[in-house]
Amino acid sequence: MDKVATVDPTDLQQEALSAAAEARTLAALNEVRIHYLGRSSALKLALRNVRDRETGMTLNAVRETVEAALTAREEELARAELEERLVTERVDVTLPAQLLGPPKLRPRGTLHPSTLVRRDVEDIFLGLGYEIVDGREVETTRYNFDALGFPDWHPARSPRASLFLDDHTVLRTETSPAQIHKMEERRPPIYMVSIGRVYRRDTIDATHFPIFHQFEGLAIDEGITLADLKGTLLHVMRELYGPDREMRFRTHYFPFTEPSMEPDVSCFNCGGAGCPICKHSGWIEMGGSGVVDPYLYEFVGWGPEEYTGFAFGMGIERTAQLRYGIAGIRPFWENDLRFLRQFR
Ligand code: DAH
């Protein structure tokens, strides 16, 4: 009772207002609120014991003033605390990722050299207006041999040379069957390239592997000549191996071209003077090519002299070996990361 009697409303208000103003945090402000307005605060006790109206009104006015001051201070502190958090908890999204914690970045993969060459070859031929077509890895002997003019006795038809699934089904030994599929699908003009895996029953050594990739080209139109073949391959070789390359043809034999030729490109390493890469000849063998044998036109039901065309086929791994200086074919298939990581 004494305590209540000694409460001076003006002092109490003054004290509460300065306590509110001095509170530095919301938690501290809450303490102030409990102390001055809580259930056992001097003010509440005094209010509970009020006997006359005047004292009641005075104490209520004090309570409202303190209440308002606390609310105002609370808003102030809440705003300040938010601002403080916005500053201290700011994330700089421009910082390098590692600085935010231990490096968790996934290691970045690389493209296989065969893929790099395949993409380059595709780009070169797309630039010449060729279409890229898919072939079939599992072929019938009709497409892999008959349509391409392989005689019955040809050694490639032997199960010792090729991988047969049954008497009439073989893992294609070259990409050339893609030519026939395209010719059956559509009349010329045909300008196509087909890239993919081929299979041969080779024993693995430095230069042989039973799976490898080839790219196959076919151009059939009216009035195509050997000069077009040479111009096209010269362009492709210069795109792949540099603008100073020259080409030469050596006559050869393939069952589906007549005449047939093996294109050589001048050595990009020694410029023709002779070095280990070109086996000291100044020239590097690139694959096979020739003028489409009219037998193929007849096979797909066209007249033998309606069109003329040329074709060529080359190895993807061999191209990659020459471009990147890779010794042998085995590294292409060993999945050794030390090798693969070099191609970025
Ligand atoms: N298919 C032949 C091989 O694997 C390469 C080839 C030669 C493809 C002459 C052709 C070509 O298109 O006309 O050895």
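Residues numbered from 1 in each chain as written. Predicted model: local features only at pLDDT ≥ 70, side-chain atom pairs only at ≥ 80, totals over all residues. Heavy atoms only, no water.

Visitor: Give me the lowdown on the environment of D123, citing residues and values where you can.
Guide: In this structure, D123 sits in helix α6 (residues 113-127). When the C-alpha atoms of D123 and F268 are compared, they prove to be 21 Å apart, with 145 residues separating the residues in sequence. (Helix = DSSP H or I, 4+ residues; strand = E, 2+ residues; numbered from the N terminus.)

Visitor: Can you lay out the pairing of strand β7 (residues 247-254) for me, pointing to particular residues and giving the numbers?
Guide: Of the pairings in the sheet, the one linking β7 to strand β8 (residues 257-266) comprises seven bridges and is antiparallel in character. Its bridge partner lying in β8, R250 is registered against E262. Between β7 and β8, which pair antiparallel and follow one another directly, the connecting turn spans two residues. (Pairing = 2+ DSSP bridges.)

Visitor: Explain the domain arrangement of the chain to me, and be specific about the residues and the numbers.
Guide: The assigned domain composition of the chain is domain 1 (2-88) and domain 2 (113-343). Relative to domain 2, the C-alpha centre of domain 1 lies at a distance of 92 Å. (Domains from an automatic or database assignment.)

Visitor: Please provide a residue-by-residue account of the pattern of salt bridges, values included.
Guide: Evaluated as defined, the whole model comprises 19 salt bridges. A salt bridge links E131 to R186, with the nearest nitrogen and oxygen atoms 3.1 Å apart. Linking E131 in strand β1 (residues 131-133) with R186 in the loop between α8 (177-185) and β5 (190-199), this pair joins segments that are 55 residues apart in sequence. Under the relative-accessibility criterion, E131 is labelled partly exposed at 27%. Given a relative accessible area of 33%, R186 falls into the partly exposed group. (Salt bridge = Lys/Arg side-chain N within 4 Å of Asp/Glu carboxyl O. Buried < 20%, exposed > 50% of the residue type's maximum accessible area, 1.4 Å probe, protein only.)

Visitor: Before we move on, could you go through the packing of α6 against helix α11 (residues 316-324) and cite the residues and values that matter?
Guide: In the contact formed by α6 and α11, the axes pass within 9 Å of each other and the chain directions differ by 100°. Classified by the interaxial angle, the pair formed by α6 and α11 is roughly perpendicular. Residues P113, S114, L116, V117, R118, D120 and V121 of α6 touch α11, and the partners they reach there are I316, E317, T319, A320, R323 and Y324. Here the contact of α6 with α11 is built from residues that sort into seven nonpolar, two polar and four charged. (Axes fitted to C-alpha atoms, helices over the stretch in contact; angles between N-to-C directions. Parallel < 35°, antiparallel > 145°, perpendicular 65-115°, else oblique. Contact = heavy atoms within 4.5 Å. Nonpolar A, V, L, I, M, F, W, Y, C, P; charged D, E, K, R; others polar.)

Visitor: Lay out unusual backbone geometry with the relevant residues and their values.
Guide: Cis geometry is found at the peptide bond from P188 to P189, where omega equals 5°. Examined against the element boundaries, P189 turns out to sit in the loop between α8 and β5. Following E258, the chain continues to P259 via a peptide bond in cis, the omega torsion being 0°. Note that P259 resides in strand β8. Even without being a glycine, H280 presents a positive backbone phi close to 65°. Position of H280 relative to the elements: it lies in the loop between β8 and β9 (283-285). A residue is classified by how much of its surface remains accessible, and H280, at 59% relative accessible area, is exposed.

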